[in-house]
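The primary structure of each chain is shown beneath.
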Amino acid sequence: MAIHILCSRIAPSLSPISPPSSKLVSISPPMSSSLSCTGVSHSNTSSKFSSNGSSINRSRFVSRATNSEFSANVGDSLGDVTIFTSSGKPAMFKDLWDQNEGVAVVALLRHFGCPCCWELASVLKEEKARFDTSGVKLIAVGIGTPNKARILAERLPFPMDCLYADPDRKAYDVFGLYYGFGRTFFNPASAKVFTRFESLQKAVKHYTSEATPDDRSSILQQGGMFVFKGKQLLYAWKDEGTGDHAPLDDVLEICCRVPAA
């Protein structure tokens, strides 16, 4: 409920809905990061890498979710999912980056009317140049129709060529991301939003609840962050609660260390 109170202070309240049943998937505790990358400061840099970044301890890469939680063909499953560009054109995930050697960051936002997702989108936009420099494709996906995506893109603003709509939450189902009333409003992990209140206020300066999906049950969906090299999943983060976003430093470290095609 605390996160609901916070959001109501910075954005118009959303219409109440009835809570459907939750989809629960067990995950392991977060793993500490010991990677380093130019421009990212960490005290522990004990991991060893070759000069070109090709020698990588893969066991450190999947964080906040275990390897066993995802099937070996999760990349294929995601690749067959059709989403939509901000202009409304259908697009399949497998066509968004090189499925052999290309590196992609797939950020699954909650929905386009979520204030915390406006904050995450704002941070991703600020770091896009670093992704581009590393040859990494940034793919931000939100729940809602393309016209809702355009509202966020135009008012935040956010680059439309990186923003996609998943109105049926198909990509979220592939990863088994959390869903439910308790996860959205009561999960303790949501408390970290209070430490970013100023950042949140800045991100929602031009916020409007008009970006909220017409299907209000969608606001109970949680998001996540994933890094792929080709079809191989290198990193996975499932938001435990609203605003429980992946540490972007960890994501940037992986992108800098994995040679892109």
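Residues numbered from 1 in each chain as written. Predicted model: local features only at pLDDT ≥ 70, side-chain atom pairs only at ≥ 80, totals over all residues. Heavy atoms only, no water.

In the nomenclature of an unreviewed UniProt entry, the chain is known as Thioredoxin superfamily protein of Tripterygium wilfordii.

Draft legend 1. Quick peek at the pairing of strand β1 (residues 82-85). Pairing geometry for β1 and strand β2 (residues 90-92), over three bridges, is antiparallel. Looking at the pairing, Ile83 lines up with Ala91 of β2. Connecting β1 to the next strand, β2, in antiparallel fashion are four residues, including Gly88 with a positive phi near 100°. (Pairing = 2+ DSSP bridges. Helix = DSSP H or I, 4+ residues; strand = E, 2+ residues; numbered from the N terminus.)

Draft legend 2. Just the packing of aromatic side chains, in detail. Under the criterion given, the structure shown has eight aromatic pairs. Taking the centre distance of 5.9 Å and the plane angle of 80° together, the rings of Phe70 and Phe175 count as edge-to-face. Taken together, the residues span a long stretch of sequence, with Phe70 in the loop between α1 (2-10) and α2 (74-79) and Phe175 in helix α5 (residues 170-175) at a distance of 105 residues. Across the pair, exposure class does not vary: Phe70 and Phe175 are buried alike. Directly above the ring of Tyr178 sits Arg183, whose terminal nitrogen or CZ lies 3.7 Å from the centroid. Geometry around Tyr178 places Lys238 over its ring, the cationic atom sitting 4.9 Å from the centre. (Phe/Tyr/Trp six-rings, centres within 6.5 Å; stacked < 30°, edge-to-face > 60°. Buried < 20%, exposed > 50% of the residue type's maximum accessible area, 1.4 Å probe, protein only. Lys NZ or Arg CZ within 6 Å of the ring centre and 35° of its normal.)

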